[in-house]
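# Observations on the three-dimensional arrangement
Here is what each chain is made of, one letter per residue.
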Amino acid sequence: MRLRIRLATVGASGVDGVRLQVAGADSPGQHPRTLDGDGRVTVQIDLTPRCEALAVGTPSSALPDGTLAVRVRDVEGRERAVQLPVPTEGPLERLVRYRCA
């Protein structure tokens, strides 16, 4: 699955790394190191869910939430690490269910 995630930052000058952990997978993101004029960046992540590790075959099984780990540089050049929750209900869960069917 190819995901595109748009991130907005405040007080950052660039993005050094992005990793998505969801659906039993841990995948790095591809992105420009610099932000656009509005402090935003689009990250592309190719994700292959580990279907055998998920209970997506039954309607009552919920896909566990994931995590987006982001390393940014602040305006002074210091690196900061941020962990963001990734809720999976909705389109992401439907996509994983379709992929793992």
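Report follows, based on the coordinates. Predicted model, so just to flag it, every value in this text is computed and none were measured.

### Notes on the pairing of strand 6 (residues 79-86)
- Where strand 5 (residues 66-74) meets strand 6, eight bridges bridge the pair, whose relative direction is antiparallel. Opposite V70, over in strand 6, you have V82 as the bridge partner.
- Where strand 5 folds back on strand 6, the antiparallel hairpin that results is connected by four residues, among which G77 adopts a positive phi of roughly 90°.

### Let's talk about unusual backbone geometry
- Despite not being glycine, A23 shows a phi value in the positive range, around 55°.
- Mapped onto the secondary structure, A23 falls in the loop between strand 2 (12-22) and strand 3 (25-30).

### Comments concerning the sheet that holds strand 1 (residues 2-8)
- On the basis of which strands lie adjacent, the open sheet formed by six strands has the order 1-4-3-2-5-6 and antiparallel pairing. Looking at strand neighbours, the two that pair on one side only are strand 1 and strand 6, the edges of this open sheet. Strand-to-strand twist of the sheet, defined as the mean angle between neighbouring strand axes without regard to direction, takes the value 25°.
- Judged from the two bridges that link them, strand 3 and strand 4 (residues 40-46) form a sheet pairing that is antiparallel.

### Points about the pattern of salt bridges
- Applying the stated criterion to the full structure yields ten salt bridges.
- One salt bridge in this structure joins D46 and R2, with 2.6 Å as the shortest N-O distance. Remark: R2 occurs in strand 1 and D46 occurs in strand 4; sequence separation between them is 44 residues.
- Between D74 and R78 there is a salt bridge; the shortest N-O distance is 3.0 Å.

The rules we used
Residues numbered from 1 in each chain as written. Predicted model: local features only at pLDDT ≥ 70, side-chain atom pairs only at ≥ 80, totals over all residues. Heavy atoms only, no water. Pairing = 2+ DSSP bridges. Helix = DSSP H or I, 4+ residues; strand = E, 2+ residues; numbered from the N terminus. Axes fitted to C-alpha atoms, helices over the stretch in contact; angles between N-to-C directions. Salt bridge = Lys/Arg side-chain N within 4 Å of Asp/Glu carboxyl O.

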